[in-house]
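Each chain, letter by letter, is given below.
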Amino acid sequence: KAIYTSPRIAAPAAGWLFYTFCFVSILTVLPPYLDATVRALVMGAMPLVSIAVSMTLGVVLLRYISAVNVVIAGFAASALCMVWLWAVPAAVFACLALAAAMGLIQGASFAAVPQLNTGAQAQTQANGAMAQMGNVGNTLGTPVMSAATLSFGYVGLPVLALLAFSCGLTAHLILAMLRRSTWRS
């Protein structure tokens, strides 16, 4: 109760749930929709682009912007990429842009733990919550994404992922609002 009622401790985990829901599930469900001539290249590049962006642009942004704001930007950019992938199914550059956007969420989510929680106990709780929500997201993501594409075809992927990225963005915005109201009271 102490973890999930705290807008500071729970925030990294709240976003992490929706990130993990999407990351592996997209990499699992997307390949059959990609052109066979670029499938291996795109699927090999997506995780590498995500890591590279997390370790370059993500690090630079964290020097100037709070980790939560970098995560929010990553969720917003990921949502826009899903609109792009809905409008232009399996577009190579949209896939790589999505991977880049998710890279912002990746590293900044971990950086948000110490930025939001100064004490060792709160940081430990926040990291534990991230592990729990990561397990939930990874467990549910691929089966739910697979069911969506089985039921609705390709369009199920961008629509469900857009919904998940929007939920991650909304969760962070609501928790930020709660932190501001808690701070003022």
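Everything below is about the structure printed above this text.
Okay, so let's go over this structure. Source: prediction; values computed, not measured. (Residues numbered from 1 in each chain as written. Predicted model: local features only at pLDDT ≥ 70, side-chain atom pairs only at ≥ 80, totals over all residues. Heavy atoms only, no water.)

### Re the overall build of the protein
Moving on, step 1. A tally of regular secondary structure across the protein gives seven helices and zero strands.
Moving on, step 2. Seen in sequence order, the protein has helices and strands lined up from the N terminus as α-α-α-α-α-α-α.
Moving on, step 3. Against the compact-globule benchmark of 16 Å for 185 residues, the protein has a radius of gyration of 16 Å, which places it among compact chains.
Moving on, step 4. Across its three principal axes, the protein shows a C-alpha extent of roughly 55 × 35 × 25 Å.
Moving on, step 5. Across the 185 residues that make up the protein, the buried fraction comes to 46%.
Moving on, step 6. Within the protein, contacts between residues separated by at least 24 positions form 78% of all contacts whose residues are at least 6 apart in sequence.
Moving on, step 7. In the structure as shown, the protein presents an accessible area of about 9000 Å², 72% of it carried by carbon and sulfur atoms. (Helix = DSSP H or I, 4+ residues; strand = E, 2+ residues; numbered from the N terminus. Rg over C-alpha atoms; globule rule 2.2 N^0.38 Å. Buried < 20%, exposed > 50% of the residue type's maximum accessible area, 1.4 Å probe, protein only. Contact = heavy atoms within 4.5 Å. Areas by Shrake-Rupley, 256 points an atom, 1.4 Å probe, with all protein chains shown as cover.)

### Thoughts on the packing of aromatic side chains
Moving on, step 1. Per the counting criterion, the structure on display carries five aromatic pairs.
Moving on, step 2. Judged by centre distance (4.7 Å) and plane angle (25 degrees), the ring pair of Trp 16 and Tyr 19 falls under stacked. One end of the pair, Trp 16, and the other, Tyr 19, are both in helix 1 (residues 11-29), three residues apart, so they sit about a helical turn from each other.
Moving on, step 3. Note on Trp 16: relative accessible area 11%, which makes it buried. (Phe/Tyr/Trp six-rings, centres within 6.5 Å; stacked < 30°, edge-to-face > 60°.)

### Quick notes on the packing of helix 1 against helix 2 (residues 39-55)
Moving on, step 1. The interhelical angle for the contact between helix 1 and helix 2, taken along N-to-C directions, is 155 degrees, at an axis separation of 10 Å. Viewed along their axes, helix 1 and helix 2 adopt a mutual orientation that is roughly antiparallel. For the pair helix 1 and helix 2, the contacting residues are Tyr 19, Phe 23, Ile 26 and Leu 27 in the first and Met 43, Met 46, Pro 47 and Ser 50 in the second.
Moving on, step 2. Within the contact of helix 1 with helix 2, the residues separate by chemical class into seven nonpolar, one polar and no charged. (Axes fitted to C-alpha atoms, helices over the stretch in contact; angles between N-to-C directions. Parallel < 35°, antiparallel > 145°, perpendicular 65-115°, else oblique. Nonpolar A, V, L, I, M, F, W, Y, C, P; charged D, E, K, R; others polar.)

### As for the packing of helix 1 against helix 5 (residues 92-116)
Moving on, step 1. Contact pair helix 1 / helix 5: the axes reach a minimum separation of 10 Å and the direction vectors enclose 155 degrees. Taken together, helix 1 and helix 5 sit at an angle that is classed as roughly antiparallel. The element helix 1 and its partner helix 5 pack so that their crossing is left-handed. Between helix 1 and helix 5, the residues in contact are Ala 11, Pro 12, Trp 16, Tyr 19, Phe 23 and Ile 26 and Leu 98, Met 102, Ile 105, Gln 106, Ser 109, Phe 110, Ala 112, Val 113 and Leu 116, respectively. (Left-handed = near helix turned anticlockwise from the far one by under 90°.)

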